[in-house]
Amino acid sequence: MSLDAASFTSQQLDAAGRELLFTEARTANTFSNEPVTDAELTAIWELAKWAPTAANTNPLRVLFVRTEEGKARLVEHMSDGNKAKTATAPAVAVLAVDTKFYEHIPVLFPIRPEMKDHFASNEAASTSTSQFNAALQAGYLILAIRAQGLVAGPMAGFDAAGIDGEFFADGRFKTSLVVNIGHPGENPWFDRLPRLANEDALSWA
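As the structure is a prediction and not an experimental result, all values here were calculated from the model. (Residues numbered from 1 in each chain as written. Predicted model: local features only at pLDDT ≥ 70, side-chain atom pairs only at ≥ 80, totals over all residues. Heavy atoms only, no water.)

Notes on the sheet that holds strand β3 (residues 151–155)
Pairing is antiparallel across the open sheet formed by 4 strands, whose spatial order is β1-β2-β4-β3. Each edge of the open sheet is held by one strand with a lone partner, namely β1 (60–65) and β3. Averaged over all adjacent pairs, the angle separating strand axes in this sheet is 25°, with direction ignored. As paired strands, strand β2 (residues 91–98) and strand β4 (residues 173–182) are joined by 8 bridges and run antiparallel to one another. In the sheet register, Leu95 faces β4, and the bridge partner there is Leu177. Here helix α3 (residues 38–48) sits on the sheet in contact with β1, β2 and β4, set at roughly 165° to β1. (Pairing = 2+ DSSP bridges. Helix = DSSP H or I, 4+ residues; strand = E, 2+ residues; numbered from the N terminus. Axes fitted to C-alpha atoms, helices over the stretch in contact; angles between N-to-C directions. Contact = heavy atoms within 4.5 Å.)

Encoded structure:
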């Protein structure tokens, strides 16, 4: 059931929810043997897909890797420091940018279907829009993983061209991030690292 505007804006995430998503969450480096199911992975996407993107373009595509064969293929293209983490994670999400995301605009943004032609004919606008909004969606996905009661280990150390050739051979999808997913293992994370003081991060006008 949808909430009306007044009811929606009167609600706040409780303290436990804030801890789960933000203040107590960590990037995981080790994982237990407890499996992650297809249903859990689907539930993660069912949360993440509702968060906003420019003109509802939704350029992120996700490949969930769960089989030993699939992980072996992926590990070959991870940097040495990320190979063991990826091999032992119960599930891994390969996040990619759909370079032809605009083909879906007539469905996703029906009030402005002509935007499809704009992006199709303007490579610079298409690239900047898809990369920025896919990065937004990557952040949403990490929060959705946490909301599902799992931990995430996002990694940038990999051979993107190698992963693309391995899993996205037609060239349409371009790998942007790899995220290990599971339940925390032994000594799974570092101590909480500092954040900038408010006076260094905030200004007011």
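Alright, that's what it looks like, and here's the rest.
Regarding the environment of Thr30
Mapped onto the elements of the fold, Thr30 is located in the loop between α2 (15–23) and α3. The class of Thr30 is partly exposed, set by a relative accessible area of 25%. Sequence separation between Thr30 and Lys116 is 86 residues, and the spatial gap between their C-alpha atoms is 42 Å. If we ignore the near neighbours within four places in the chain, the residues touching Thr30 are His183, Pro184, Gly185, Glu186, Asn187 and Pro188. In this structure the side chain of Thr30 is engaged in a polar contact, spanning 2.7 Å, whose partner is the backbone oxygen of Glu186. (Buried < 20%, exposed > 50% of the residue type's maximum accessible area, 1.4 Å probe, protein only. Polar contact = N/O pair within 3.5 Å; in protein donor to acceptor, adjacent residues only side chain to side chain.)

Description of the environment of Pro113
One can find Pro113 in the loop between α6 (105–108) and α7 (115–120). On the basis of relative accessibility, which here comes to 35%, the residue Pro113 falls in the partly exposed class. Along the chain, Pro113 and Asp191 lie 78 residues apart, while their C-alpha atoms are 48 Å from each other. With residues up to four places along the chain from it excluded, the contact list for Pro113 reads Ile105 and Pro106.

Observations regarding the packing of aromatic side chains
Evaluation of the coordinates by the stated rule reveals 3 aromatic pairs. Measuring from centroid to centroid gives 5.6 Å for Phe168 and Phe173, while their planes differ by 65°, and the two rings are edge-to-face. Members of the aromatic cluster, joined through ring pairs, are Phe101, Tyr102 and Phe119. (Phe/Tyr/Trp six-rings, centres within 6.5 Å; stacked < 30°, edge-to-face > 60°.)

A few points about the nonpolar core
Among the nonpolar cores identified, the biggest contains 20 residues, and Ile44, Leu95, Leu141, Ile145, Val179 and Ile181 are the most heavily contacted of them. Of all the elements, helix α8 (residues 123–147) adds the most residues to this core, at 6 residues. Sequence-distant contacts of Ile44, defined by excluding residues within four places in its chain, comprise Leu141, Ala144, Ile145, Gln148, Leu150 and Ile181. Counting 16 residues, the second-largest nonpolar core is a separate cluster that includes Ala28, Val94, Val151 and Met155. (Core = buried A, V, L, I, M, F, W, Y, C linked by side-chain atoms within 4.5 Å.)

A few points about the packing of helix α4 (residues 68–75) against helix α9 (residues 160–167)
Packing of α4 against α9 leaves a shortest axis separation of 9 Å and a crossing angle of 145°. Along its contact with α4, which presents Gly70, Arg73 and Leu74, the element α9 presents Ile163, Glu166 and Phe167. Taken together, the residues of the contact of α4 with α9 sort by class into 3 nonpolar, 1 polar and 2 charged. (Nonpolar A, V, L, I, M, F, W, Y, C, P; charged D, E, K, R; others polar.)

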